[in-house]
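One-letter residues, chain by chain:
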Amino acid sequence: VRAYFDASGFKRMNKIYHSCNEEDIRIVTDDGFAVVSTPEELHRKCDYSYQVNNRLIGFNKIDFDSAANGAEDMYTSVACTDIDFLIKLKADYGNYVTLIYAYLDDTTLENALQIYEEASREQRFTTGKALKHVYINNPNLFDHVVLYGGEDSVFNEENLYLQLDGIVARARSLEV
C-alpha cells in the first residue's frame, strides 16, 4: 500500500517512534523514521500518539494540517487499536482525513509477517486480529474498506490497487 501511495504522488507523513525493541528500532530507522529515547520525549515532540506492541508512535499536527489544507497529498499507515486516536483524528479533521481499513485474511496476514523475526510475528499477528475487531466494532468511523484478499486467499496486488484507485479518484474530485 505504501508503494502505491508513493507512486501516486503522495508524501509519507513523518512518524516518531519510541520502542525498547531493537528489531523495531532497526526497521523504523531503515524506513527513515525518527526514534526517541523516552515516551516523555515523544509526547513533547508530537501532537498525536498511540501505542501498539510496546511501541509508542507519534505524529505532528503540522502534517495533518498540511494535508487537510490541500497543500500536500499525504498518507500514513497505522496499526492502531486505540480507537480514541482514530476518533480524535476524525473529530479534528472530519472529511479532510480519510480512514481506510485494510482487511487482511489470516493467510495473507501470516504471509505478510514473514519479513519479521519469528519472535515478533505472533505479536504482530495478534495485533492484526485486534485491528479487525476495531473495525467490526466501529465501522462508521472508517470511510472505506479495502480487501487484500478473501479467506484462505493470497495477496492480490492488482485488485488492491484498483480499490485504492477508486478511493483516490473520489478524494481528489472532492478536493477540487
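Structure first, text after, so check above.
In what follows, the accompanying structure is described.

Calculation rules
- Residues numbered from 1 in each chain as written.
- Predicted model: local features only at pLDDT ≥ 70, side-chain atom pairs only at ≥ 80, totals over all residues.
- Heavy atoms only, no water.
- Helix = DSSP H or I, 4+ residues; strand = E, 2+ residues; numbered from the N terminus.
- Buried < 20%, exposed > 50% of the residue type's maximum accessible area, 1.4 Å probe, protein only.
- Contact = heavy atoms within 4.5 Å.
- Arc of directions from axis to C-beta.
- Lys, Arg positive; Asp, Glu negative; His and termini not counted.
- Salt bridge = Lys/Arg side-chain N within 4 Å of Asp/Glu carboxyl O.
- Polar contact = N/O pair within 3.5 Å; in protein donor to acceptor, adjacent residues only side chain to side chain.
- 1 Å grid on protein atoms, 1.4 Å probe; cavity = no way out; pocket = protein on both sides within 12 Å on 5 of 7 lines; lining within 4 Å.
- Points joined across faces, edges and corners; volume = space filled by probe spheres on them.
- Nonpolar A, V, L, I, M, F, W, Y, C, P; charged D, E, K, R; others polar.
- Core = buried A, V, L, I, M, F, W, Y, C linked by side-chain atoms within 4.5 Å.
- Pairing = 2+ DSSP bridges.

## A closer look at the environment of F33
Mapping F33 onto the fold places it in the loop between α2 (22-30) and β3 (34-35). By relative accessible area, which is 12% here, F33 ends up buried. Remark: the alpha-carbon pair of F33 and H43, spanning ten residues in sequence, is separated by 16 Å. Apart from the residues lying within four places of it in its own chain, the contact partners of F33 are R12, M13, N14, K15, Y17 and V28.

## A closer look at helix α5 (residues 83-93)
Every buried residue of α5 is accounted for by F85, L86, L89, K90 and Y93. Considered in projection along α5, the buried side chains sweep an arc of 130 degrees and stay on one side of the axis. Across from the buried face of α5, at angles greater than 90 degrees, the exposed residues are D84 and A91. In the core, the buried residues of α5 are packed alongside β4 (48-52), β5 (55-59), α4 (61-68) and α7 (118-137). G94, located one to two residues past α5, shows a positive phi value of around 50 degrees.

## Points about the environment of K45
By secondary structure assignment, the location of K45 is in helix α3 (residues 39-45). Along the sequence, K45 and F59 sit 14 residues apart, while their C-alpha atoms lie 8.4 Å from each other. Here K45 is in contact with I16, V36 and N60, once residues within four sequence places are set aside.

## Focus on the side chain of D105
Here D105 is to be found in the loop between β7 (100-103) and α6 (106-112). Salt bridges are absent for the buried D105, whose nearest opposite-charge side chain, K132, sits at 7.0 Å. Among the polar contacts made by the side chain of D105, one reaches the main-chain amide nitrogen of T107 at a distance of 3.1 Å. Within the local environment of D105, its side chain forms a polar contact with the side chain of T108, the two groups lying 2.9 Å apart.

## Considerations on empty space enclosed by the protein
A full pass over the atoms with the stated rule returns two cavities of 30 Å³ or more. Estimated volume of the largest cavity: approximately 40 Å³. Taken together, N21, D24, N53, R55, S120, Q123 and R124 make up the lining of the largest cavity. Here the lining of the largest cavity is built from residues that sort into no nonpolar, four polar and three charged. A volume near 30 Å³ is recorded for the second largest cavity. Residue classes in the lining of the second largest cavity are distributed as two nonpolar, two polar and three charged.

## Describing the nonpolar core
The biggest cluster of nonpolar side chains holds 25 residues, and the ones touching the most others in it are Y48, Y50, F59, F64, F85, L86 and F142. If you list the elements that add at least two residues to this core, you get β4, β5, α4, α5 and β7. It is α5 that contributes the most residues to this core, four residues altogether. Once residues lying within four places of it in the same chain are set aside, the contact partners of F59 are N14, K15, C46, D47, Y48, Y50, F64, T76, V78 and F85. Core analysis: the second largest hydrophobic core is formed by 16 residues, F10, V146, I167 and V168 among them.

## Some details on the sheet that holds β5
Read from one edge to the other, the open sheet built from four strands follows the order β3-β2-β5-β4, with strand pairing classed as mixed. Edge positions in the open sheet fall to β3 and β4, since each of these has one partner strand only. Strand direction decides the pairing type here: strand β2 (residues 16-19) and β5, joined by four bridges, are antiparallel. Bridge assignment links Y17 to a residue of β5, and that residue is I57.

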